[in-house]
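# Descriptive structure summary
Each chain, letter by letter, is given below.
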Amino acid sequence: MQISNELRAMIGRRRPGYSLEAPFYRTKEVFDLDMDVIFGRHWIYVGVEPDIPEPGDYFTVPLGRTSIVVVRDDDMTVRAFHNVCRHRGARLCDGEKGSVGNVVCPYHQWTYDLTGKLIHTEHMGDEFDRSQFSLKTVHVGNIAGLLFICLADEPPADFEQMRQEMEPYILPHRISDCKIAYEEDLIENGNWKFTMENNRECYHCKANHPELTVSLYEFGFGYQPSPENADEVQAFRELIVREHARWESCGLPSVEREFLDSRVTAYRTERLPLDKAGESQTMNSKVACQKLLGDLTQRNLGGLSFWTQPNSWHHFMSDHIVTFSVLPIDPERTLLRTKWLVHKDAVEGRDYDPKQLSEVWHETNKQDGALVERTQIGSQSAAYQPGPYSPYTEELVEKFMSWYFKRLRAETGHETATVSPFAASA
Amino acid sequence: MSDVIRPSRLGPELWDATPGKWNADEDDTLICAHVRQETHDVKSFLFRAQSPRLFRFRPGQFITLELEIDGAVINRCYTISSPPTRPDTLSITVKRHPGGKVSNWLHDNMKPGLKIKALGPSGDFSCTLHAGPRYLFLSGGSGVTPLMSMARTLYELGEDHDVVFVHSARSPRDIIFRHELAMMTYGTSNFRTAFVCEKIGEARDWSAPTGYLSLPLLKSIVPDLAQREIFCCGPEAYMANVRAMLRDAGFDMAHYHEESFSFERQGVRQPEAETVLVGDETPAASFKIEFTRSGRTIDCRPDQFILDAARAAGMRLPFSCSKGVCGTCKSKKLSGQVAMTHGGGIRQREIDAGMILICCSKPLENVTIEK
Ligand code: FES
Ligand code: FES
Ligand SMILES: [Fe+2]
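These numbers come from a predicted model, not from an experiment.

Bringing the overall build of chain B into the picture now. A count of helices and strands for chain B gives 8 helices and 20 strands. Taking all 371 residues of chain B together, the buried fraction comes to 52%. Here the contacts in chain B between residues at least 6 apart in sequence split such that 67% fall between residues at least 24 apart. Just so you have it, chain B exposes about 16700 Å², and 50% of that area is on carbon and sulfur atoms.

Here you go:
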């Protein structure tokens, strides 16, 4: 993609440790660049295996102006295609989810099997070579049931590394034995980077998330030390060490692994203690579903968190899983897709109540959506200028931005090495 | 037909060794062993093999007889009324049907010693394929035969399965196997019968209420309906009525099995032959296909795809591949059974939800389609 000198200059002069110049959050040119370089060439988290439990099940992923369809074929393999007919380009599959026999274009009924092969056309003559018109495939990556896609011809190879490292963490929660108990699409009126920045810090949690902070420790994501909180922070550190030892001894990997700006396929994970009953991210911090996941027998397993660049985060508890996927719509609108999973044998009404299960993150998402909108509006002001991130609580925000600029520079041919502004404080 | 001879079967060759299994390909000839008058117009015909053979089949299956009547060869299917637990003979039970070529011929000519050609057994309508602790057998008229075979089997195995046997007849004197059914209720704790008679007829001593089978009546006979594996056989109108009742009762149709009079779905293909089961005489000429939205009703032969018949009748319905691949012709079937051979254009759960591809479906009975 061609980019203007102005944008090139802006990318070059980004000041580490600060939020971005307004055009990054607002202009079509940056958005197009983001869709090409970030969402077009990296692994994007899009859904879970229980979205498509049976052959013929599909779900669609809107990514800017592109649409991808993810299907399960007759051999139970998960595949992804561009949702575009090879005849005259009509959109193929409708809606967010559905199920098909074969993929049939509603326009002139060109029919593709679930491997994307064109198997039927009318009126195309005897010479017509159908084999030249298969659907365009998209790479699929699967980490213990979390589904990622990559639109690039050659996807980043280090996905495999992330998969190998993350599987031991996630497998005990057995996503493939889950069902989606509740899901919600929320459109946030803000640029997708505002959504991600907001997600990567809990600076705002105490004042904005009364529901989430019932179970979430405030020290979990960085804290400026002071004489007043020294004891509490110390106690939390010790709790982590104790709990990690306990969880690891029951076969649940818990230690932090952090590669948020040091890899192309970048991520971070850690199993963190929860406050009060310590069981789940709920209004009373107890499990929301009586049937525990996989073979888990203990309820107080805290929350395993998994964050990926550029677009997802996930929380795995003993009783349920919440996963989030961020899908840009246009420069100033973003789709946040949230799914709540419970064991597939759990019975609604007996083992869990979907409302109770989802209320913490339902409220939290709404609050976050409002905060994102607030920054979007603020960034439109002539007075807006990039502001400094907290070196204590916004370190992961900086890592997100640092990753973002590394990727922009690498993919657009910029050669600027950057040093972490927080290297000294880390 | 060969001479009427009646050799004794009590010789040592039958009893000193275990006879082999009857194999339709090798021993395609049956010999009439006995004819039993069941009611005023119903007879059972017992057959045995030419040399000692044991009949092995699943209760509920049918055989196909090849008969030569007036110089023409006619194939007819009859469900077996005897149980496989009486393996030395095999019986069919046939009602004399006014004007019915085959039933009248059988009633008038079949006697012990006569040989006929037979194929089979085949079919998958059998309680042995859907083992459940509790069964409900529903039959109308001569549809009783496959259910009688099942009931006799369960009885003779001494398994004490919980069975309720509900039979609908025109009048008490039309109840086929009435005394044998009564006898079986004495021998077991879990076998019950109920008879629903349209009218009393000459049976002045009949005290049960008369009329047709209805849902309230069925519920009063079988309060635990929902827990039973249901097997149903009878005239199409009877079975359609049963299906409607069960649907109203919210019955899970996965546990409902029926045998149709006409058939083509058994994999036995006899396009030329008129095929009729259990002794009725409905020729399988063509079925009515009703399209509720277009308000049209067309005729469709059992060997014809519904889409083809509709197009031949001048209807314009959406289709593309006409081989069950693209799903363009997918339609909601409101009633009636079809035989469908699709090519991936439809999913099992769509089929379960009542959808069919009309380009590759042939009717097995009258069908209503929302289109
Ligand atoms: S555009 Fe898809 S078949 Fe014509
Ligand atoms: S026309 Fe293609 S499935 Fe019937
Ligand atoms: Fe938040």
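Here the narrative resumes, following the displayed structure.
The subject of this paragraph is the interface of chain A and chain B. At the interface, 16 residues of chain A touch 13 residues of chain B. Taken together, both faces of the contact between chain A and chain B bury some 1000 Å²; the carbon and sulfur share is 38%. It is Gly101, Asn102 and His120 of chain A that lose the most area in chain A upon contact with chain B, and together they represent 36% of the buried surface on that side. In this structure, the connection of chain A to chain B is made through 3 salt bridges. Asp74 of chain A serves as the salt-bridge partner of Arg347 of chain B, at 2.9 Å between the closest nitrogen and oxygen. Linking chain A with chain B are 11 residue pairs in polar contact (both at pLDDT 80 or more), by the criterion used here. Grouping the constituent residues of the side of chain A that touches chain B by class yields 5 nonpolar, 7 polar and 4 charged.

On to the layout of surface pockets, then. To find leftover empty space, one rolls a probe the size of a water molecule over the atoms. Residues and elements named next belong to chain A. Within this model, the largest pocket holds a volume of roughly 1200 Å³. For the lining of the largest pocket, the residue count by class is 13 nonpolar, 9 polar and 9 charged. The volume enclosed by the second largest pocket comes to roughly 720 Å³. Only α7 (230-249), β13 (267-272) and α9 (395-412) provide two or more residues apiece to the lining of the second largest pocket. For the lining of the second largest pocket, the per-class residue count stands at 15 nonpolar, 5 polar and 9 charged.

What follows covers the packing of helix α3 (residues 28-38) of chain A against α9 of chain A. Residues and elements named next belong to chain A. Packing of α3 against α9 brings their axes to within 10 Å, and their N-to-C directions diverge by 80°. Between α3 and α9, the crossing angle belongs to the class labelled roughly perpendicular. Across from Val30, Leu33, Asp34, Val37 and Ile38 in α3, the residues of α9 making contact are Trp403, Tyr404, Arg407, Leu408, Glu411 and Thr412. Within the contact of α3 with α9, the residues separate by chemical class into 7 nonpolar, 1 polar and 3 charged.

Before going further, it helps to spend a moment on the coordination of the iron ion (ligand 3). All names here are of chain A. On the protein side, the iron ion (ligand 3) has His204 (NE2), His209 (NE2), Asp368 (OD) and Asp368 (OD) as donor atoms, found 2.0 to 2.7 Å from it. Considering all 4 donor atoms around the iron ion (ligand 3), angles at the metal cover 54 to 146° and the coordination shape is irregular. Coordination of the iron ion (ligand 3) draws on donor residues from a single chain, spaced H-x4-H-x158-D in sequence. Separated by 159 residues along the polypeptide, His209 in the loop between α6 (205-208) and α7 and Asp368 in helix α8 (residues 354-379) bring together distant segments of the chain. You can call His209 buried: its relative accessible area is 1%.

Right, let's talk about the pairing of strand β16 (residues 330-335) of chain B for a bit. Residues and elements named next belong to chain B. Examined bridge by bridge, β16 and strand β18 (residues 355-357) share 3 bridges and lie antiparallel to one another. Following the sheet pairing, Lys332 is matched in β18 by Met355. Where β16 lies against strand β20 (residues 367-370), 3 bridges are found, and the strand directions are antiparallel. Paired with Lys332 across the bridge in β20 is Glu370.

Glancing now at the packing of aromatic side chains. All names here are of chain A. Tallied over the full model, the rule gives 28 aromatic pairs over all chains. Taken together, a centroid distance of 6.5 Å and an interplanar angle of 80° make the contact between Phe24 and Tyr404 edge-to-face. Placement of the pair is Phe24 in helix α2 (residues 23-26) and Tyr404 in helix α9, with a sequence separation of 380 residues. Ring centres 4.9 Å apart and planes at 85° place the aromatic pair Phe39 and Trp192 in the edge-to-face group. One end of the pair, Phe39, is in the loop between α3 and β1 (44-48); the other, Trp192, is in helix α5 (residues 192-199), and 153 residues separate them in sequence. Across this residue pair, the class does not change: Phe39 and Trp192 are buried. Through successive ring pairs, a cluster of aromatic residues spans Phe24, Phe39, Trp192, Phe400, Tyr404 and Phe405. The ring of Trp307 has Arg268 sitting right over it, with the charged end atom 4.6 Å from the ring centre.

All names here are of chain A. With 20 residues, α7 extends 29 Å between its outermost C-alpha atoms, agreeing within 8% with the 28 Å of an ideal straight helix rising 1.5 Å per residue. Those residues of α7 that fall on the buried side of the exposure criterion are Val233, Phe236, Leu239, Ile240, Glu243, His244 and Trp247. Buried positions in α7, seen along its axis, are confined to an arc of 130° and lie on one side of it. Summarising the geometry of α7, the exposed residues directed more than 90 degrees from the buried face are Asp231, Arg237, Val241, Arg242 and Ser249. The secondary structure elements touched by the buried residues of α7 are β13.

Moving on: the sheet that holds strand β2 (residues 29-39) of chain B. Residue and element names in this part refer to chain B. Strand order in the open sheet formed by 6 strands is β6-β5-β8-β2-β3-β7, and the pairing between neighbours is antiparallel. The two strands at the open ends of the sheet, each matched to only one other strand, are β6 (72-79) and β7 (90-95). Sheet twist, expressed as the average angle between the axes of neighbouring strands with direction ignored, equals 35°. One ladder, built from 3 bridges, connects β2 with strand β8 (residues 115-122); its direction is antiparallel. Within the sheet, the bridge partner assigned to Thr29 lies in β8 and is Lys117.

What follows covers the sheet that holds strand β4 (residues 78-82) of chain A. Residues and elements named next belong to chain A. Judged by pairing direction, the sheet is antiparallel, and its 7 strands sit side by side in the order β1-β10-β9-β4-β3-β2-β5 without closing on themselves. This sheet does not close on itself; its edge strands, each paired only once, are β1 and β5 (97-99). Adjacent strand axes in the sheet meet at a mean angle of 30° when their direction is disregarded. Across 2 bridges, β4 lies against strand β9 (residues 137-143) in antiparallel orientation.

Residues and elements named next belong to chain B. Overall, the prediction assigns chain B a mean pLDDT of 84, with 89% of residues at 70 or greater. Note on residues 262-277: pLDDT under 50 across the span, and 49 contacts to partners over four residues away in sequence or across chains. Contacts from residues 279-284, a stretch scored under 50 in pLDDT, to residues over four places away or in other chains number 19 contacts. Two summary scores accompany this predicted model of the complex, namely pTM at 0.65 and ipTM at 0.75.

Analysis parameters
- Residues numbered from 1 in each chain as written.
- Chains lettered and ligands numbered in written order.
- Predicted model: local features only at pLDDT ≥ 70, side-chain atom pairs only at ≥ 80, totals over all residues.
- Heavy atoms only, no water.
- Helix = DSSP H or I, 4+ residues; strand = E, 2+ residues; numbered from the N terminus.
- Buried < 20%, exposed > 50% of the residue type's maximum accessible area, 1.4 Å probe, protein only.
- Contact = heavy atoms within 4.5 Å.
- Areas by Shrake-Rupley, 256 points an atom, 1.4 Å probe, with all protein chains shown as cover.
- Buried area = accessible area lost by both parts, 1.4 Å probe.
- Salt bridge = Lys/Arg side-chain N within 4 Å of Asp/Glu carboxyl O.
- Polar contact = N/O pair within 3.5 Å; in protein donor to acceptor, adjacent residues only side chain to side chain.
- Nonpolar A, V, L, I, M, F, W, Y, C, P; charged D, E, K, R; others polar.
- 1 Å grid on protein atoms, 1.4 Å probe; cavity = no way out; pocket = protein on both sides within 12 Å on 5 of 7 lines; lining within 4 Å.
- Points joined across faces, edges and corners; volume = space filled by probe spheres on them.
- Axes fitted to C-alpha atoms, helices over the stretch in contact; angles between N-to-C directions.
- Parallel < 35°, antiparallel > 145°, perpendicular 65-115°, else oblique.
- Donors = N, O, S within 2.8 Å, 3.2 Å for Na, K, Ca; no water.
- Tetrahedral: all angles 85-135°; square planar, octahedral: opposite > 155°, others 65-115°.
- Pairing = 2+ DSSP bridges.
- Phe/Tyr/Trp six-rings, centres within 6.5 Å; stacked < 30°, edge-to-face > 60°.
- Lys NZ or Arg CZ within 6 Å of the ring centre and 35° of its normal.
- Expected span 1.5 Å × (residues − 1).
- Arc of directions from axis to C-beta.
- pLDDT = per-residue confidence, 0-100.

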